[in-house]
Amino acid sequence: MASFLISLPALERNARMLAQVAQEGGAHMLLALKAFSTTATFDTLRPYAAGCCASGLYEGRLAARHMGKHVAVYSPAYRPAELLELLDIAHHIDFNSLPQWQHYRELCCKHPRVQSGELQLGLRVNPCYSTGHTPLYDPCVPGSRLGIPAAELAGVDLSGISGLHFHTLCEQGAQELIDTFRAFEKDFGALLASPQIRYLNLGGGHWITKPNYDRAALVNLLREIRSAYHVEVYLEPGEAWCVHTGVLRARVLDVFHSLGYQHAILDVSASAHMPDVLEMPYRPDVYAVRPAAEQAPGTPAVSLPGESYSPAAQPGELPYTYRLGAPTCLAGDVMGDFSFASPLQPGDEIVFDDMTHYTIVKTTHFNGVPHPAVQLLHADGHISTACALDYADFEHRLG
Ligand SMILES: Cc1ncc(COP(=O)(O)O)c(C=O)c1O
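Residues numbered from 1 in each chain as written. Predicted model: local features only at pLDDT ≥ 70, side-chain atom pairs only at ≥ 80, totals over all residues.

Attention now goes to the overall build of the protein chain. The secondary structure content of the protein chain amounts to 13 helices and 19 strands. Relative to a compact globule of 399 residues, whose C-alpha radius of gyration would be 21 Å, the protein chain shows 23 Å and is just as compact. C-alpha atoms of the protein chain, sized along the principal axes, occupy 65 × 50 × 45 Å. Pairs at least 24 apart in sequence give 69% of the contacts found in the protein chain among residues at least 6 apart. (Helix = DSSP H or I, 4+ residues; strand = E, 2+ residues; numbered from the N terminus. Rg over C-alpha atoms; globule rule 2.2 N^0.38 Å. Contact = placed C-beta atoms within 7 Å.)

See the structure below:
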């Protein structure tokens, strides 16, 4: 059975690093649930996270029930019943447009939690400053629906608003954030400096736990914002909590030759289990699992005793090249072409690296492919199963 295998010690390593940045910068580090919502790991993350960033009611509920602490919600639009419940559980609610804010302003402002200051209300703004290269992930593309551009705010009554939020980055460094903040400051600095604004949320997309991320530069920026503007500063990365903490383990079901390619069909699907491979698109790091005696050099995020890991390479670099594909009908449901040091056979195990974020939260039962289990590797080496979906879950979802 395929499985997502997540290392709790690796999650804790990232969490500790994020908490340290938050502490040194005097900021608050939230976990973006859209990237990773496996509540069975929250006991590990809770001591380090200031809370969660939720994309609407369901994630907001999950945050309140399983993480506790601060719940910051932003959605491009709220349904009336959704907003009513969020008013009871969130600490920040950020609005994406002036019409949504104006529609809900009265309801929000008379809520006792808003009046007591326990819940604050903000606007997502759009600095219209792109630093990314993938339009699918760039909220600053022309025609974007995400966030209010500065020109739309001119002359508008913003009473009741006490926070500003921007999210523009994706897998980026401190310098891109600094550049974006300067662009934001140019258009929104006067509003940020006004006494009504008490928090600034810098969104996600910060690759803080990557080895080459300039954490000192981020800490300096956070300190600068706090002292120049007297606001509480929040960051809400998702991926940074999860980088290099988990793998997707799959098995080879069949190997055959067709139309000039050696194909290996696996028991997982790019479309159903790691859709960013197709959407972004990107090429995951892949390893073949070998008996430890073979001593192949490789280091996926999660390695198990008794196994060694032979890294796959570009097609043709190693002697045996395969197109790794899914057991689905979608012609393009392939993970890519990879070469291996030794031939693949049915039953062999393959590891896809770095598969904790934007995988489990996005999976489907497309083609009825069995859903990989979600398993946790604990500090003492034992593995527990957090979730094992079966046929009944497949049937139930489809109605
Ligand atoms: C509003 C918002 N906040 C936070 C995030 C988390 O981003 P990341 O996982 O890249 O850090 C996203 C991702 O799309 C987002 O849209």
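On to the site of the ligand, then. As a matter of local geometry, the ligand sits amid 15 residues, with Ala32, His167, Gly204, Pro237 and Gly238 nearest to it. Tallied by class, the residues present in the shell around the ligand amount to seven nonpolar, five polar and three charged. (Near = placed C-beta within 6 Å. Nonpolar A, V, L, I, M, F, W, Y, C, P; charged D, E, K, R; others polar.)

This part is about the packing of helix 1 (residues 8–25) against helix 9 (residues 215–229). Packing of helix 1 against helix 9 leaves a shortest axis separation of 8 Å and a crossing angle of 40°. Our pair here, helix 1 against helix 9, has a crossing hand that is right-handed. Note on element contacts: helix 9 touches helix 1 through Arg215, Leu218, Val219, Leu222 and Arg223, opposite Val21, Glu24 and Gly25. Class assignment of the residues belonging to the contact of helix 1 with helix 9 gives a composition of four nonpolar, one polar and three charged. (Axes fitted to C-alpha atoms, helices over the stretch in contact; angles between N-to-C directions. Left-handed = near helix turned anticlockwise from the far one by under 90°.)

Attention shifts here to the domain arrangement of the protein chain. Looking at the assigned domains, one finds that the protein chain contains domain 1 (8–242) and domain 2 (246–355 + 363–398). Each of domain 1 and domain 2 has a C-alpha centre, and the two are 34 Å apart. Counting residues at the interface gives nine residues for domain 1 and 10 residues for domain 2. With three residues, the single largest contributor to the side of domain 1 that touches domain 2 is helix 1. The residue inventory of the side of domain 1 that touches domain 2, partitioned by class, reads six nonpolar, three polar and no charged. (Domains from an automatic or database assignment.)

A cis geometry characterises the amide bond from Met280 onward to Pro281, with omega recorded as -20°. Examined against the element boundaries, Pro281 turns out to sit in the loop between helix 12 (276–279) and strand 13 (286–291). Residues other than glycine seldom take positive phi values, yet Asn367 does so here, at roughly 65°. Residue position: Asn367 is located in the loop between strand 17 (349–353) and strand 18 (373–377).

Where helix 8 (residues 174–193) contacts helix 9, the two axes come as close as 11 Å, and the packing angle between them is 5°. One element, helix 8, and the other, helix 9, form an angle in the roughly parallel class. The segment helix 8 lies against helix 9, with Ala174, Gln175, Leu177, Ile178, Phe181, Leu192 and Ala193 engaging Ala217, Leu218, Leu221 and Tyr229. (Parallel < 35°, antiparallel > 145°, perpendicular 65-115°, else oblique.)

Let us now look at helix 1. An ideal rise of 1.5 Å per residue puts 26 Å on 18 residues; helix 1 measures up with 25 Å between its terminal C-alpha atoms. Buried within helix 1 we find Ala10, Leu11, Asn14, Ala15, Leu18, Val21, Ala22 and Gly25. Seen end-on, helix 1 carries its buried residues on one side only, within an arc spanning 135°. For helix 1, the exposed residues lying more than 90 degrees away from the buried face are Arg16 and Gln23. Contact partners of the buried residues in helix 1: strand 1 (3–7), strand 2 (28–32), helix 2 (42–45), helix 9 and helix 10 (239–242). A positive phi of about 70° marks Gly26, the residue just after helix 1. (Expected span 1.5 Å × (residues − 1). Buried ≥ 20, exposed ≤ 12 C-beta atoms within 10 Å, placed from the backbone. Arc of directions from axis to C-beta.)

To continue, consider the pairing of strand 11 (residues 246–258). Summarising the sheet, strand 1 and strand 11 pair through four bridges and their orientation is antiparallel. Each bridged residue has a counterpart across the sheet, and for Leu5 the counterpart in strand 11 is Val247. Examined bridge by bridge, strand 11 and strand 17 share five bridges and lie antiparallel to one another. Looking at the pairing, Leu248 lines up with Phe352 of strand 17. Across six bridges, strand 11 lies against strand 12 (residues 261–266) in antiparallel orientation. Bridged to Phe256 within strand 12 is His263. Counting the residues that bridge the hairpin from strand 11 to strand 12 gives two residues, and of these Leu259 lies at a positive phi of roughly 50°. (Pairing = 2+ DSSP bridges.)

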